[in-house]
Each structure stands twice: as C-alpha cells, then as structure tokens.
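What follows is the residue order along each chain.
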Amino acid sequence: MTAPEQPSFLGDRPFPYCKGCGHGLVARGLGRALAGLGLDPSQIVLTTDIGCVGLVDPLFPAVHTVHTIHGRSTAVAAGAVLADALLGEGRMKNIVMIGDGGATIGLLHLTQAALMNVDLAVLLHNNMLYGMTGGQHSALTPEGFATSTTLQGNWVPALDMEQLLRGCQAGFFARQLATDAELATVIAEAIAFPGFALVEILELCTGFGVPLNHMDGKALRALAEADGRQLGRLIHRKDRRPYHKVYRAHFPAPSGPPGAVQPPEAPAPAFPHRLQRPVTLVIAGSAGERVQTAAATLCQAAVLSGLHCVQKNDYPVTVGSGFSLSEVKLSPEPILYTGTEAPDAVLITSADGLREIRGRGDLGRLAPGALVIADESLAADLPVRGALCLPLRRALSPAAAALGAVAVLNHRRGILAREALLAATAGLGGSAGGILERALDAALSLAPEAAARSVEEGRP
Ligand code: SF4
C-alpha cells in the first residue's frame, strides 16, 4: 500500500470528548502532523492508554491502533518498536497517547523507555487530573490546582517531566499548550526524532478542571509560568543511538534478507513419546511441596521428547503458605493458545490444592475421559466419581507427592518414556534429583494395576 498524497488521518467521526476538551486539539494536531510528514497510514501504530485520552482510537481509522491498560501504553509500544526494528523491517512509526494519570501510573515505563532511548513519540496529554474517573489529582497536578480530591487546591508540587526526562538523558522533550499554533509542527518533530521523544501538552479538562478552578484556556499559559514550567522545545540532543541500534551492535543480525533467515533447527528428541494431540493438566498441592518442580520436571521431560509445552504457575500473595498450582499444556504441535479450558487431568496432593481446584472450578469442566489423581486423604471430599486416590503423601512424602502423581499419570496415559522423566529429574541436581528419582519409581508401585495406555485410548 502506498501513501496517498495528503492522507486524511482523522476520520469523519464526531469527537467523543466534552465540549472544549483539550484532547480534541491534540487529536487535530496529530492528524496535521501525520499528514505533514507524508507517512503511509499502514506504517503508523497509535498506542493509547486508559482514560478519555484512549477514546481517540476510532478517530484515526486508517492507522493501526492498540488500546492498552492504564499506564502501560509506553511499555506495549516499546515492545512493538523493538520487535519491528529487530525482527521485522523497522518501517513502523509508533506513537503513544497517554494522559497525566496514565503517565503517573506507568511512570517507570516512561522513564525506562527514555533511558533505553526507544524510538518512540509519546504525546502526554496533561490536563492535570484524571478526567474520566471524576477529576482526581495526579502526580502532574500543579500546586494550588483544584481537583475533586484537592478541592482547596493541591498542596503537593507537580512532578516536572522536563527534569525527570533530563535525568533519563532523553533526546527530545517539548512542552506545549494544546492551543499553540505550532503544536502540529512540534508533534511532527517528535515523531520524526530518531529516539525517545515526549511532548507534554498542557490542556484543560472542561468537565472538572475548568469549573473547579474557575479558569479558561487563556489562563493556561499563566498557570504554567506560575508553576515554573517553561514552554517550547526544551531538550533536543542526538548524541545517543536508539536502543535497537545499540542492541544490534551487541547482537549483529543474521545475514541475508528476513525471509531467507531460517530459525535454528530444534535438537533431535532424546526420547520417544506417544502424544498425538495437545493435553492439559492441572497440578495442585501445598506451597513448599515441590508442586511446581513436578510440573517443570514433566515439561523438561516433554521437551527432551520433542514436545512443545507451556507451564503456568499460581500461588497466593503470601508466598510460601497456602496452595501451589501449575497448569501444564503438552503438544506435538506449537502451542498458540496457552489457556486451560477443559483439563485432561487434574492431580491434587493436599487439602490446600483441593480448595484451590474447587475455587477455580476445574473439576466441573473436565475434558471427556479426564483422569483425576488425588491423595487418599482427599477421597471423601472429592466432588467427582472415579478419581484415582493413592497414598501419595504417606508412601512418597509430601514433598514428592506431586512428582509421584505425575509419574502415575504418565504411567496411565503412556505419554512419555519413563527414561525421559528420569533424565529430567537428574537435571534437578543435588539431593533433590535423587529424592525425586526414588519417588518416581516408588509411585509406579502405587498403581500397578494400571496398564500404560495412550492418551487417545486412555479412559479412567
Ligand atoms: S472529562 Fe475532561 S478529559 Fe474527559 S472528555 Fe471531558 S473534558 Fe475531556
């Protein structure tokens, strides 16, 4: 797709903002800046934040838009910049639109992008309060400015973005009023700047800022001056390379055009497997009882067998107490969806684990023919019939119960070779590997009646 002569970046939708809101002026300024730069709309990514500022997405129908969660727009955009520059063709222009609330919430994302000098233009809409949620103050609310949470005037000074970004050695910083005639020009300069650029645009929220402070747009310049905020292009230095160039200096690109670069071949599997379709399982027990180690061992064994795998761990805020849980997905094909909708197996080794499994509802959405393995102490409390209840804790010890359950599952379903699990436990090293290796062998004696069957055939 080639760029039209004068692309009309702003669509014909009415603005979604309150009458007189400064966000509309910034949107117009951005539209003019993009048109002036003559950029191809298909090579522009607009990443927006939560708040009234994030309502801008549909106003720019021709460009790519990414609507992120509060404060994270800069981090998401920085990832897109680096992916494009290092893995793609590096042709995309990335612009972030964020409010003062989002900038405050995601302050470290901003400073990190500035420190790294990610090639990104950030338009910080500073109306000095959180507009969408009712006019609360932010870290960019000036001293004396009234908001719904500082009705008598804020008594805390505002963060000075210029000083902050100077400290981050940012390459480009400008502070403008939304009403400035040259706003579009400055935005265009920020977009064209080869590195991190931020334009702080001072504006007024007509929903809260104007009525609470009895002021109009004309007073904005005086407010900035009274707060010691200079206007104009305040930082402009080109002595730093953008991060993707620094990265390439450390890790040179493979030679040849992008399409010609082949990913390295995966090493040949060390063990056979019998898995013919993706399977998901959930392992739950108590913190400190090697639940996640058991899941990691299974994954390691799967990788050694040439399978793809995903492991997701969960535990309460109070790390080291309560439940510990792992979701594992194994697949002969690359895994594109990592969620667990209907587990093929649920392994529960303690009351903590059962409580968590009940809370998540895993036992109510089992896949047809799913296998439930539980410690014998839970037999009376299990809300499913046909579960395989074994003396995992008593016979193997609480710390080896989860790995024992994994071994029994593998024995029942015949997914992996026993040697693959043994090789994976050997990788744990020290006494842990030896303990788990013995547990693995002992576990199989707990369910001798269970003949090994393939996952496709296996039904409890
Ligand atoms: S609440 Fe404030 S920031 Fe939100 S649209 Fe209205 S004027 Fe603009």
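If you're wondering where the values come from, they're calculated on a predicted model, not measured in any experiment.

Draft legend 1. Representation of the overall build of the chain. Across its full length, the chain carries 15 helices and 13 strands. Taken against the 2.2 N^0.38 rule, which gives 23 Å for 460 residues, the C-alpha radius of gyration of the chain at 29 Å runs more than 25% over that of a compact globule. Summarising its shape, the C-alpha atoms of the chain cover approximately 85 × 60 × 45 Å along the three principal directions. A total of 460 residues make up the chain; the buried ones form 49% of that total. Total accessible area computed for the chain in this model is approximately 20,900 Å², and 56% of it derives from carbon and sulfur atoms. Across the chain, the centroid of the 37 positively charged side chains sits 2 Å from that of the 40 negatively charged ones.

Draft legend 2. Summary view of helix α13 (residues 398-413). With 16 residues, α13 ought to run about 22 Å at 1.5 Å a step, and its terminal C-alpha atoms sit 23 Å apart, in line with that. The buried count for α13 comes to 13 of 16 residues, which makes it a mostly enclosed element. One or two positions beyond α13, positive phi appears at G414, with a value near 65 degrees.

Draft legend 3. Representation of the site of the ligand in the model. The ligand sits among Y17, C18, C21, H23, C52, N127, G131, C205, T206 and G207. Partitioning the shell around the ligand into residue classes produces five nonpolar, five polar and no charged.

Draft legend 4. Spotlight on helix α4 (residues 107-116). When we look at burial in α4, the residues that qualify are L110, T111, A113 and A114. Along the axis of α4, the buried positions cluster into a sector of 160 degrees, meaning they face one direction only. Downstream of α4 by one or two residues, N117 has phi in the positive range, about 60 degrees.

Draft legend 5. Main features of the side chain of S331. Considering the arrangement of structural elements, one finds S331 in strand β10 (residues 323-331). A relative accessible area of 2% places S331 in the buried class. A polar contact is formed between the side chain of S331 and the backbone oxygen of E333, at a distance of 2.8 Å. For S331, the residues in contact, after removing those within four places along its chain, are L275, P278, L307 and H308.

Draft legend 6. Summary view of the sheet that holds strand β8 (residues 279-286). Spatially, β9-β10-β8-β11-β12-β13 is the arrangement adopted by the six strands of the open sheet, whose pairing is mixed. Edge positions in the sheet fall to β9 (308-314) and β13 (388-390), since each of these pairs with one other strand and no more. With direction set aside, neighbouring strand axes in the sheet form an average angle of 15 degrees. Judged from the three bridges that link them, strand β12 (residues 371-375) and β13 form a sheet pairing that is parallel. Residue pairing in the sheet places D375 in a bridge with L390 of β13. Relative to β10, helix α10 (residues 291-304) is tilted by about 10 degrees, and along the sheet it contacts β8, β9 and β10. Packing against the sheet, helix α11 (residues 351-360) makes contact with β8, β9, β10 and β11 (345-348), and its axis sits at approximately 135 degrees to β8.

Draft legend 7. Expanded view of the pairing of strand β1 (residues 44-48). Of all five residues making up β1, five are buried, and the element is well covered by its neighbours. Judged by which residues are buried, β1 turns out to be covered on both faces: I44, L46 and T48 on one side and V45 and T47 on the other are all buried. Across five bridges, β1 lies against strand β3 (residues 93-99) in parallel orientation. Note on β3: the bridge partner recorded for T48 is M97. Of the strand pairs in this sheet, β1 and strand β2 (residues 64-67) are connected by four bridges, and their pairing is parallel.

Calculation rules
- Residues numbered from 1 in each chain as written.
- Predicted model: local features only at pLDDT ≥ 70, side-chain atom pairs only at ≥ 80, totals over all residues.
- Heavy atoms only, no water.
- Helix = DSSP H or I, 4+ residues; strand = E, 2+ residues; numbered from the N terminus.
- Rg over C-alpha atoms; globule rule 2.2 N^0.38 Å.
- Buried < 20%, exposed > 50% of the residue type's maximum accessible area, 1.4 Å probe, protein only.
- Areas by Shrake-Rupley, 256 points an atom, 1.4 Å probe, with all protein chains shown as cover.
- Lys, Arg positive; Asp, Glu negative; His and termini not counted.
- Charge placed at Lys NZ, Arg CZ, Asp CG, Glu CD.
- Expected span 1.5 Å × (residues − 1).
- Near = heavy atom within 4 Å.
- Nonpolar A, V, L, I, M, F, W, Y, C, P; charged D, E, K, R; others polar.
- Arc of directions from axis to C-beta.
- Polar contact = N/O pair within 3.5 Å; in protein donor to acceptor, adjacent residues only side chain to side chain.
- Contact = heavy atoms within 4.5 Å.
- Pairing = 2+ DSSP bridges.
- Axes fitted to C-alpha atoms, helices over the stretch in contact; angles between N-to-C directions.

The values reported here are purely geometric and, on their own, carry no functional implication.
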